[in-house]
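Tertiary structure, described
Now for the letters of each chain:
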Amino acid sequence: MTSDIILKLEGIASAYGKIDAVKGIDLEVARGQIVTLLGANGAGKTTTLKTISGIVRAKTGRVLFEGQDITSMPAHIIARAGVVHVPEGRHVLRGLSVRENLELGAFTVKDATLRRDRLDQVFAQFPILKTRANSDGSLLSGGEQQMLAIGRALMHGPKIMLLDEPSMGLAPKLVLETMKIVKRLNETGTTILLVEQNARLALKLAHFGYVLESGEIRLKGEASQLRSDPSIVQAYLGT
Amino acid sequence: MTIFDIFTNQLLNGIVLGSFYALVALGYTMVFGVVKLLNFAHGELYMVGGFAGFLVLSFLAPFIGAGWFGVAVSMVFAMIAIGFLGVVIERVAYAPMLSAPRLSILITALAVSLVLQNGMLALTKGQYVPFGSALGFGGINLGKLFISYNQMILVSVAALLMLALEMFVSRTQYGRAMRAVAVDKDMSRLMGINVNAVIAVTFFLGSALAAAAGTMAGAFYGSLWYFMGFLIGLKAFTAAVIGGIGSIPGAMLGGLILGLLESFATQLDLRGMGIPFKVGSEWKDVFSFSVLILILVFKPTGLLGKSEQERM
Ligand SMILES: Nc1ncnc2c1ncn2[C@@H]1O[C@H](COP(=O)(O)OP(=O)(O)O)[C@@H](O)[C@H]1O
Ligand SMILES: [Mg+2]
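The rules behind each value
- Residues numbered from 1 in each chain as written.
- Chains lettered and ligands numbered in written order.
- Predicted model: local features only at pLDDT ≥ 70, side-chain atom pairs only at ≥ 80, totals over all residues.
- Heavy atoms only, no water.
- Helix = DSSP H or I, 4+ residues; strand = E, 2+ residues; numbered from the N terminus.
- Rg over C-alpha atoms; globule rule 2.2 N^0.38 Å.
- Buried < 20%, exposed > 50% of the residue type's maximum accessible area, 1.4 Å probe, protein only.
- Contact = heavy atoms within 4.5 Å.
- Areas by Shrake-Rupley, 256 points an atom, 1.4 Å probe, with all protein chains shown as cover.
- Core = buried A, V, L, I, M, F, W, Y, C linked by side-chain atoms within 4.5 Å.
- Donors = N, O, S within 2.8 Å, 3.2 Å for Na, K, Ca; no water.
- Polar contact = N/O pair within 3.5 Å; in protein donor to acceptor, adjacent residues only side chain to side chain.
- Axes fitted to C-alpha atoms, helices over the stretch in contact; angles between N-to-C directions.
- Parallel < 35°, antiparallel > 145°, perpendicular 65-115°, else oblique.
- Left-handed = near helix turned anticlockwise from the far one by under 90°.
- Nonpolar A, V, L, I, M, F, W, Y, C, P; charged D, E, K, R; others polar.
- Pairing = 2+ DSSP bridges.
- 1 Å grid on protein atoms, 1.4 Å probe; cavity = no way out; pocket = protein on both sides within 12 Å on 5 of 7 lines; lining within 4 Å.
- Points joined across faces, edges and corners; volume = space filled by probe spheres on them.
- pLDDT = per-residue confidence, 0-100.
- Buried area = accessible area lost by both parts, 1.4 Å probe.
- Salt bridge = Lys/Arg side-chain N within 4 Å of Asp/Glu carboxyl O.
- Near = heavy atom within 4 Å.
- Patch = residues over 30% accessible without salt bridge, like charges linked within 9 Å, V, L, I, M, F, W, Y side chains within 5 Å.

Attention shifts here to the overall build of chain A. Helix and strand counts for chain A stand at ten helices and ten strands. Its C-alpha atoms give chain A a radius of gyration of 17 Å, within 12% of the compact-globule value 18 Å for 239 residues. In terms of its C-alpha atoms, chain A occupies a principal-axis envelope of roughly 45 × 40 × 35 Å. Relative to its 239 residues, chain A shows a buried fraction of 54%. The long-range share in chain A, meaning contacts at least 24 apart out of those at least 6 apart in sequence, stands at 67%. Of the roughly 10,300 Å² of accessible surface on chain A, 50% is carried by carbon and sulfur atoms.

For soluble globular proteins, nonpolar side chains are generally found buried alongside one another. If you look at the biggest cluster of nonpolar residues, it comprises 90 residues, and the most contacted ones within it are L104 of chain A together with Y94 and I193 of chain B. Counting residues per element, this core draws most heavily on helix α1 (residues 3-35) of chain B, at 14 residues. Aside from chain neighbours lying at most four places away, what touches L104 of chain A is L93 and L96 of chain A together with Q173, R176, A177, A180, M191 and I193 of chain B. F123, A153, I192 and L205 of chain A belong to the second largest nonpolar core, which has 43 residues in total.

A few words now on the coordination of the magnesium ion (ligand 2). Each angle at a metal carrying four tetrahedral donors should ideally be 109.5 degrees, and each at a metal carrying six octahedral donors should ideally be 90 or 180 degrees. Residues and elements named next belong to chain A. Donor atoms from the polypeptide that coordinate the magnesium ion (ligand 2) comprise T46 (OG1) and E88 (OE), at 2.0 to 2.2 Å from the metal. In this pair, T46 is assigned in helix α1 (residues 45-53) and E88 in the loop between β6 (83-86) and α3 (98-105), connecting sequence segments 42 residues apart. Owing to a relative accessible area of 19%, T46 belongs among the buried residues under this scheme. What makes E88 partly exposed here is its relative accessible area of 31%.

Residues and elements named next belong to chain A. Mapping T51 onto the fold places it in helix α1. Note on T51: relative accessible area 3%, which makes it buried. A polar contact is formed between the side chain of T51 and the side chain of S14, at a distance of 2.8 Å. Reaching out from T51, the side chain makes a polar contact with the backbone oxygen of T47 at a distance of 2.6 Å.

Residues and elements named next belong to chain B. Running from amino to carboxyl end, helix α5 (residues 149-171) crosses helix α10 (residues 248-265) at an angle of 160°, the nearest separation of the two axes being 10 Å. As judged from the angle between their axes, α5 and α10 are roughly antiparallel. The two elements α5 and α10 meet at a crossing, and its hand is left-handed. Across the interface between the two elements, M162, L165, E166 and V169 of α5 pack against I248, P249 and M252 of α10.

All names here are of chain B. For the pair helix α3 (residues 68-94) and α5, interaxial distance at closest approach is 12 Å and the crossing angle is 30°. By the criterion of interaxial angle, the relationship of α3 to α5 is roughly parallel. The crossing of α3 and α5 is right-handed. Note on element contacts: α5 touches α3 through N150, I153, V157 and L161, opposite W68, M75 and M79. When the residues that make up the contact of α3 with α5 are grouped by side-chain class, the tally is six nonpolar, one polar and no charged.

Okay, the sheet that holds strand β5 (residues 68-69) of chain A next. Residue and element names in this part refer to chain A. Strand order in the open sheet formed by four strands is β2-β1-β4-β5, and the pairing between neighbours is antiparallel. Both edges of this open sheet fall to β2 (19-30) and β5, since each of them pairs with a single strand only. Strand direction decides the pairing type here: strand β1 (residues 5-16) and β2, joined by nine bridges, are antiparallel. Bridging across to β2, K8 finds its partner in E28.

The subject of this paragraph is empty space enclosed by the protein. Summed over all chains, the structure comprises three cavities of 30 Å³ or more. Considering only enclosed or pocket space, the largest cavity measures out at about 70 Å³ in volume. Lining the largest cavity are V84, H85, V86, P87, G105, A149, R152, A153 and H156 of chain A together with M187, L190 and M191 of chain B. For the lining of the largest cavity, the secondary structure elements donating two or more residues are β6 and α6 (142-156) of chain A together with α7 (185-190) of chain B. Split into classes, the residues belonging to the lining of the largest cavity amount to eight nonpolar, three polar and one charged.

A separate point is the confidence of the model for chain B. Any region with low pLDDT has predicted coordinates that should not be read closely. Taken over all residues, the pLDDT of chain B has a mean of 91, while the share at 70 or more is 98%. The ipTM, which scores confidence in the relative placement of chains, is 0.94 for this predicted complex, and the corresponding pTM is 0.92.

The next subject is the interface of chain B and chain A. One frequent convention defines the size of an interface as the accessible area lost when the parts assemble. In this complex, chain B contributes 19 residues to the contact, which on the side of chain A involves 24 residues. Taking both sides of the interface into account, the surface hidden between chain B and chain A amounts to around 2,000 Å²; carbon and sulfur atoms contribute 62%. Among the residues chain B hides against chain A, the three largest losses belong to Q173, L190 and M191 of chain B. Together they make up 32% of the total. Summed over the shared surface of chain B and chain A, the result is two salt bridges. The salt bridge partner of E100 of chain A is R179 of chain B, with a shortest N-O separation of 2.8 Å. Linking chain B with chain A are five residue pairs in polar contact (both at pLDDT 80 or more), by the criterion used here. Top contributing element to the side of chain B that touches chain A by residue count: helix α6 (residues 173-183) of chain B, with seven residues.

All names here are of chain A. Near ligand 1 you find Y16, I19, A21, A40, N41, G42, A43, G44, K45, T46 and T47, and these make up its full shell. Between N41 and ligand 1, the recorded distance is 3.3 Å, taken from a side-chain N or O atom to an oxygen atom. The fraction of the free accessible surface of ligand 1 (560 Å²) that becomes covered by protein chains is 63%. For the shell around ligand 1, the elements supplying multiple residues, two or more each, are β2 and α1. Of the residues belonging to the shell around ligand 1, the class tally is five nonpolar, five polar and one charged.

Residues and elements named next belong to chain B. Residues I140, L142, Y149 and I153 make up a contiguous nonpolar surface patch of roughly 340 Å² in combined accessible area. Position of I140 among the secondary structure elements: in strand β2 (residues 139-142). Residue I140 is classed as partly exposed on the basis of its relative accessible area of 34%.

Another point: the environment of L268 of chain B. All names here are of chain B. As for its position among the elements, L268 is in the loop between α10 and α11 (284-298). With relative accessibility at 27%, the residue L268 sits in the partly exposed group. With sequence-adjacent residues up to four places away left out, L268 is seen in contact with F277, K278, V279, G280 and F287.

Now the structure itself:
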């Protein structure tokens, strides 16, 4: 990972009141790669992503995006810089149609032609969203909502996408489908920081991986190395 | 007058009254939708808006007259001024409180309301202030029903403002952002929406609509009073709740229903039919609030309201 580092965390710690959720972690994402952040429930993965995107404020440490310190920037400014967080649970906007959800994804895109082109691309990539364009986003199935959440992020034109458990709650077939989508996103140039509970799958896609445990990095390495080490698989990655 | 004449006449009065209620109810419902705050100072913005319109009109009348044109121009200035006042109130009084317990914010809103009301009491010494508009008395006769041009203009302006708001909220990117902020603030931030700016715009629009209603009420009824915002504030809140608080079409519908209810209530007299029941104007509020309670018994979320979470 000597190449261009797009995102870098230095000693990031975050807490909710007295509960320390993340306890001083270092993490790097190289441009063009998929980096996965693994760990059991409650390890601090979501908090890490929220700290990057500015929803949770870091207690100590710095977040550098393209070399720029974004640690104390407001969340909407971080998003405008191109850090696009697809949160756990998708957060499709209730009361807004699929099309409106997508259009809001491009809230920061002022060029109407560019917005329309991106909408066409998203519809081409996820035809189901085009079919359901006028229905309330919250009425879609889990898998469709995940596509909507990713499509909405694409409308923004991300430089890096933070994906929090995109396969959560999906049927096994859809989990594989989602992973394929993530892979394709990356192949078309999007850098991805992927949080997953399904470690085996994530390590198949990723170039590099981190394992978080109780708010601390326990392990890191090339994905190929992590997934081929049986002791690691057993100790940290479960099934 | 036949029953039919009374009916059409009260229908007209109800629509005029309902337009005022709807305009004020919109501010209540928008602010509630976006920040989940019952802005009890909202009725006072209607009152202060009326006085702002009066001030502008007294400056401009020598140049552009005090007819509907003068009133309309004054209304626009009042809307802008009170819109900014709403934003200032939000920044100074509510923003620091938004993470405080609900009750604290409610008390803050009551305090803001008292400051505005008593400020105006001090300025006007409690006197009625003639608005100074010079509107004509013309109109058209439809059978026995007389519709004044004033009523027509007032209702059209109110309808136009509401249509504009509805278009803004449903069709523009910023309107979508407002709806997004109402349902999910963190997700809105992640999409690059400046949530504080959206909240400010919401307060601006809601306050501006109250000022429009206040100015038109001053022009239409002829005078202003420091206490005029109190009851309409309560009623607009009622209208917003009937319609389903947080819902924009709901506030419009609720305002209209409340206006019609009150206007018909004043004429409700069943004694001629051998039933000893008469509402009359002194009991009209009791009557309409009873209907409100009834509606809420059968539909606790209001007519167009959705479940607890899905508002606006
Ligand atoms: N909003 C919150 N308030 C208080 N504690 C929280 C909150 N969110 C998460 N936590 C706690 O922070 C720790 C890390 O949570 P989280 O980042 O969601 O983990 P993960 O995404 O890895 O499951 C957990 O102990 C969790 O209980
Ligand atoms: Mg999580």
